[in-house]
Amino acid sequence: MTRSIIKAAAWTLGADTDDDTPEGVYSVVCSSCGAEPAVTENERLPVEVWALKHTGLNPDHRRFKVKAETFWCVTPAEGNPYGEKDAQDV
Ligand SMILES: [Zn+2]
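Just so we're clear, the structure is a prediction, and the values are computed from it rather than from any experiment.

Quick notes on the rules
- Residues numbered from 1 in each chain as written.
- Predicted model: local features only at pLDDT ≥ 70, side-chain atom pairs only at ≥ 80, totals over all residues.
- Helix = DSSP H or I, 4+ residues; strand = E, 2+ residues; numbered from the N terminus.
- Rg over C-alpha atoms; globule rule 2.2 N^0.38 Å.
- Buried ≥ 20, exposed ≤ 12 C-beta atoms within 10 Å, placed from the backbone.
- Contact = placed C-beta atoms within 7 Å.
- Pairing = 2+ DSSP bridges.
- Axes fitted to C-alpha atoms, helices over the stretch in contact; angles between N-to-C directions.

Enquirer: Mind laying out the overall build of the protein, listing which residues take part and the relevant values?
Expert: On a plain count of helices and strands, the protein comes out with two helices and five strands. Reading the protein from its N end, one meets helices and strands in the order β-β-β-α-β-β-α. The C-alpha radius of gyration of the protein comes to 22 Å, more than 25% above the 12 Å expected for a compact globule of 90 residues. If you line up the protein on its principal axes, its C-alpha atoms span 65 × 40 × 15 Å. Out of the 90 residues in the protein, the part that is buried amounts to 3%. Within the protein, contacts between residues at least 6 apart in sequence are counted, and of these 59% link residues at least 24 apart.

Rendered as C-alpha coordinates:
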(Lines give C-alpha, C1' and ligand atoms only; values in the text may rest on other atoms or scores of the structure.)
Protein backbone atom coordinates (compact mmCIF):
# COMPACT_ATOMS: atom_id res chain seq x y z
CA MET A 1 0.00 0.00 0.00
CA THR A 2 1.30 3.40 -0.99
CA ARG A 3 0.61 6.37 1.11
CA SER A 4 1.04 9.88 -0.24
CA ILE A 5 1.22 13.10 1.61
CA ILE A 6 0.28 16.12 -0.46
CA LYS A 7 1.43 19.39 0.98
CA ALA A 8 -1.16 22.07 0.44
CA ALA A 9 -1.11 25.75 1.11
CA ALA A 10 -4.09 28.06 1.07
CA TRP A 11 -4.29 30.59 -1.70
CA THR A 12 -6.81 33.28 -2.50
CA LEU A 13 -7.93 34.27 -5.98
CA GLY A 14 -8.99 37.84 -6.62
CA ALA A 15 -8.82 40.75 -9.02
CA ASP A 16 -5.33 41.97 -9.85
CA THR A 17 -5.22 45.43 -8.31
CA ASP A 18 -1.65 46.21 -9.32
CA ASP A 19 -1.33 49.84 -10.48
CA ASP A 20 0.01 48.75 -13.88
CA THR A 21 -2.84 46.31 -14.52
CA PRO A 22 -6.05 47.63 -16.10
CA GLU A 23 -9.38 46.77 -14.51
CA GLY A 24 -10.53 45.46 -17.87
CA VAL A 25 -9.61 45.47 -21.55
CA TYR A 26 -12.50 45.65 -24.01
CA SER A 27 -12.61 44.92 -27.71
CA VAL A 28 -15.27 44.26 -30.32
CA VAL A 29 -15.24 42.92 -33.89
CA CYS A 30 -18.06 43.19 -36.41
CA SER A 31 -19.12 39.67 -37.37
CA SER A 32 -20.13 40.84 -40.86
CA CYS A 33 -17.02 42.69 -42.06
CA GLY A 34 -14.35 42.22 -39.39
CA ALA A 35 -14.08 45.94 -38.64
CA GLU A 36 -12.87 46.72 -35.14
CA PRO A 37 -12.11 49.89 -33.21
CA ALA A 38 -9.11 50.41 -30.98
CA VAL A 39 -9.03 48.32 -27.82
CA THR A 40 -9.94 50.25 -24.69
CA GLU A 41 -8.74 49.86 -21.12
CA ASN A 42 -11.07 50.32 -18.16
CA GLU A 43 -13.94 51.65 -20.28
CA ARG A 44 -16.41 49.57 -22.24
CA LEU A 45 -18.58 52.51 -23.30
CA PRO A 46 -16.36 53.47 -26.29
CA VAL A 47 -16.70 49.98 -27.84
CA GLU A 48 -20.46 49.99 -27.20
CA VAL A 49 -20.81 53.38 -28.90
CA TRP A 50 -18.62 52.18 -31.78
CA ALA A 51 -20.90 49.13 -32.33
CA LEU A 52 -24.01 51.32 -32.37
CA LYS A 53 -22.43 53.78 -34.81
CA HIS A 54 -21.13 50.94 -36.99
CA THR A 55 -24.64 49.50 -37.30
CA GLY A 56 -25.97 53.01 -37.93
CA LEU A 57 -23.60 53.33 -40.90
CA ASN A 58 -24.06 49.68 -42.00
CA PRO A 59 -27.60 48.64 -41.07
CA ASP A 60 -26.97 44.99 -42.05
CA HIS A 61 -24.02 44.69 -39.62
CA ARG A 62 -25.75 43.90 -36.33
CA ARG A 63 -23.72 41.11 -34.75
CA PHE A 64 -20.45 41.57 -32.91
CA LYS A 65 -17.90 39.45 -31.15
CA VAL A 66 -17.12 41.16 -27.85
CA LYS A 67 -14.17 40.38 -25.64
CA ALA A 68 -13.87 41.66 -22.08
CA GLU A 69 -10.64 40.66 -20.38
CA THR A 70 -10.06 40.93 -16.67
CA PHE A 71 -6.99 40.07 -14.67
CA TRP A 72 -6.62 37.88 -11.61
CA CYS A 73 -3.98 37.59 -8.97
CA VAL A 74 -3.42 34.67 -6.61
CA THR A 75 -2.12 35.65 -3.18
CA PRO A 76 -1.18 33.62 -0.12
CA ALA A 77 -4.03 33.16 2.34
CA GLU A 78 -3.50 33.44 6.08
CA GLY A 79 -1.18 30.73 7.30
CA ASN A 80 0.41 30.19 3.90
CA PRO A 81 4.20 30.35 4.37
CA TYR A 82 4.54 32.32 1.14
CA GLY A 83 2.67 35.15 2.83
CA GLU A 84 5.42 35.47 5.42
CA LYS A 85 8.06 35.29 2.68
CA ASP A 86 6.31 38.02 0.67
CA ALA A 87 6.14 40.24 3.78
CA GLN A 88 9.90 39.83 4.28
CA ASP A 89 10.67 40.64 0.63
CA VAL A 90 8.84 44.00 0.76
ZN1 LIG B 1 -19.29 45.60 -40.15
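Enquirer: Give a description of the sheet that holds strand β2 (residues 25–30) that names residues and reports values.
Expert: Within the open sheet, the three strands sit side by side as β3-β2-β4. Their pairing is antiparallel. The open sheet terminates on both sides in strands that have one partner only, identified here as β3 (40–41) and β4 (64–69). Together, β2, β3 and β4 form the strand contacts of helix α1 (residues 45–57), whose direction differs from that of β2 by roughly 10°.

Enquirer: Summarise the pairing of strand β1 (residues 11–15); cite the residues concerned and give the values.
Expert: Within β1, only zero of the five residues are buried, leaving the element largely exposed. Bridging between β1 and strand β5 (residues 72–76) involves five bridges; their strand directions are antiparallel. Bridge pairing in β5 places T12 opposite T75.

Enquirer: Help me get a handle on the environment of S27, residues and values and all.
Expert: Looking at the secondary structure, you find S27 in strand β2. Considering only alpha carbons, one finds S27 and A68, 41 residues apart in sequence, at a separation of 6.6 Å.

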